[in-house]
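# Descriptive structure summary
Next come the chains, spelled out residue by residue.
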Amino acid sequence: MLLASIRTTLLNGCRRTGGGIHSNGAQYRQWLVRRSHSTITAEAGASSSPSAAVSVPNATTNRTVGRWLLGCSGLVVGAVVLGGVTRLTESGLSMVDWHLVREMKPPQSQAEWEAEFSKYQQFPEFKIMNHNMTLPEFKFIFYMEWGHRMWGRLVGLAYILPTVYFWRKGYFTRSMKGKVLGLCGFVFFQGLLGWYMVKSGLEEKPESHDIPRVSQYRLSAHLGSALLLYCASLWTGLNLLLPAHKLAETKRLMQLRRFAKGTGGLVFLTALSGAFVAGLDAGLVYNSFPKMGERWVPDDLLAFSPTLKNFFENPTTVQFDHRILAISSLTAITGLYVFSRRMLLPRRAKIAISLLTAMAYGQVALGISTLLLYVPTPLAATHQSGSVALLSLAIWVLAELRKMPK
């Protein structure tokens, strides 16, 4: 208002003074117009800046979500490793009930421990295998299984609570919302599948004279779902944290990408076959390498009828399959390394492929050592953890070779 009044006064004065100062009046008019225009623009910008919010999601929120997903994938690895140790120490059937909240507190008094031990004594594992077990020995296997279940609950909270927070803050795109809902649903499914697996080892089987154990089918499903959850979390986190390389879409690059995808699938399948080896204690038969006993192909490879049953229930066939898959994975990874050396790739991609190759040879060495030494628990647990490490590196390689988003 003040500028408008001054401008009006000066313009009227210029009209009254006549032609002597007409040019000066024209200069004043031009200056005032420019001045008022710049002032109005500045005021408009100042008035709009307080209400202008930074749009979300953005690069910063994507990094936050990516780090969260990597942290969740790390917790899933912990659950897989702890579950493997629980299986190796034969502790998985020590807790015969499943309660989401009530079992979070372990027995405290002597009476509570004796009551829990009494429940365990009613099931096949105690009657057939552990009928001489003492209460202190029971406490050990109980705490192993309890720790595994509590870790699973920690994984669930690590997915669900940040999901609610980030959702309310607007950190997720529309596609990311679907992904995180799928991950949270998968965590819940994983818990139910774990109890479904344990139930198979608590059932009375009068027709069977074998030691009580969980179903190898349910064990492989439980491990497979955990690995899928891990792969999905790691892949999504890496995509948010690692910018895609600007690679020319050549024929050789597309071949390398397909080769890497096939190799990753083979690594996953090899890890999954390890669940059948663990479920049937197949590592305790034919503890020799490279032959199985005195033969390359053992006589009892197809001893069960029908033939298909051997691949999932015959310990000899299960171990043979795991050997073949492991050697195939090593061969594929070696081929991937050789093929990639002939191409110009980003430094990070070359490092990922090199680490994948080194880990593959280390994992095979661990597997052979575990077999020859009759499956000692520390070495077997390391071998199981190595399978997850190998799978992680395979996913990293795929993340480095992925296409630029359109």
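For the structure, see preceding data.
The paragraphs below set out a description of the structure included in this document. The structure presented is a predicted model; accordingly, all values stated were derived computationally and were not measured. (Residues numbered from 1 in each chain as written. Predicted model: local features only at pLDDT ≥ 70, side-chain atom pairs only at ≥ 80, totals over all residues. Heavy atoms only, no water.)

### Examining the side chain of Gln363
So the rule is basically this: We count a stretch as a helix when DSSP gives it H or I for four or more residues in a row; a strand needs E for two or more, and each element gets its number in order from the N terminus. Contacts are assigned to residue pairs that have any heavy atoms within 4.5 Å of one another.
Structurally, Gln363 is set in helix 12 (residues 347-372). Beyond its immediate stretch of four places on either side in the chain, Gln363 contacts His383, Gly386 and Ser387.

### Remarks on the packing of helix 9 (residues 251-279) against helix 11 (residues 315-341)
Which entries qualify depends on this criterion: Angles here are taken between N-to-C directions and fall from 0 to 180 degrees, while the axes themselves are lines fitted to C-alpha atoms, restricted in helices to the stretch in contact. Geometric relationships in this document are graded by angle, where less than 35 degrees denotes roughly parallel, more than 145 denotes roughly antiparallel, 65 to 115 denotes roughly perpendicular, and other angles denote oblique. We call a crossing left-handed when the near helix sits turned anticlockwise from the far one by less than a right angle, and right-handed when that turn is clockwise.
Remark: helix 9 packs on helix 11, axes separated minimally by 9 Å, with the N-to-C direction vectors making an angle of 155 degrees. Considering their axes alone, helix 9 and helix 11 lie roughly antiparallel with respect to each other. Between helix 9 and helix 11 the crossing geometry is left-handed.

### Some remarks on the environment of Leu69
Mapped onto the elements of the fold, Leu69 is located in helix 3 (residues 59-88). Aside from chain neighbours lying at most four places away, what touches Leu69 is Leu183, Ser233, Thr236, Gly237 and Leu240.

### Concerning a positive patch on the surface
The condition is simple: Nonpolar side chains (Val, Leu, Ile, Met, Phe, Trp, Tyr) within 5 Å and like charges within 9 Å form the patches, drawn only from residues with over 30% relative accessible area and no salt bridge. All accessible-area figures derive from a Shrake-Rupley calculation using a 1.4 Å probe, and residue coverage is judged against the displayed protein chains alone. Only one rule defines a salt bridge in this text: a Lys or Arg side-chain nitrogen within 4 Å of an Asp or Glu carboxyl oxygen. His residues and chain termini do not enter the charge count, which takes Lys and Arg as positive and Asp and Glu as negative. To locate a charge, take NZ of a lysine, CZ of an arginine, CG of an aspartate or CD of a glutamate. Any residue under 20% of the maximum accessible area for its type is buried, any over 50% is exposed, and the rest in between are partly exposed; the area is computed with a 1.4 Å probe on protein chains only.
There is a patch of like positive charges on the surface, built from Lys251, Arg258, Lys261 and Lys403. As for its position among the elements, Arg258 is in helix 9. Relative accessible area serves as the criterion here: at 55%, Arg258 is assigned to the exposed category.

### Observations concerning the nonpolar core
Stated formally: Nonpolar cores are built from buried Ala, Val, Leu, Ile, Met, Phe, Trp, Tyr and Cys residues. Side-chain atoms within 4.5 Å join them into one set.
Residues Trp68, Tyr159, Leu345, Leu356 and Val397 are the most contacted members of the largest nonpolar core, which totals 54 residues. For this core, the element with the highest residue contribution is helix 13 (residues 377-400), accounting for nine residues. Once you skip the residues sitting within four places of it in the chain, Tyr159 turns out to touch Trp68, Cys72, Ser73, Val76, Leu183, Cys184, Val187, Leu229 and Ser233. One finds Met95, Trp113, Leu135 and Ile141 within the second-largest nonpolar core, a separate group that totals 12 residues.

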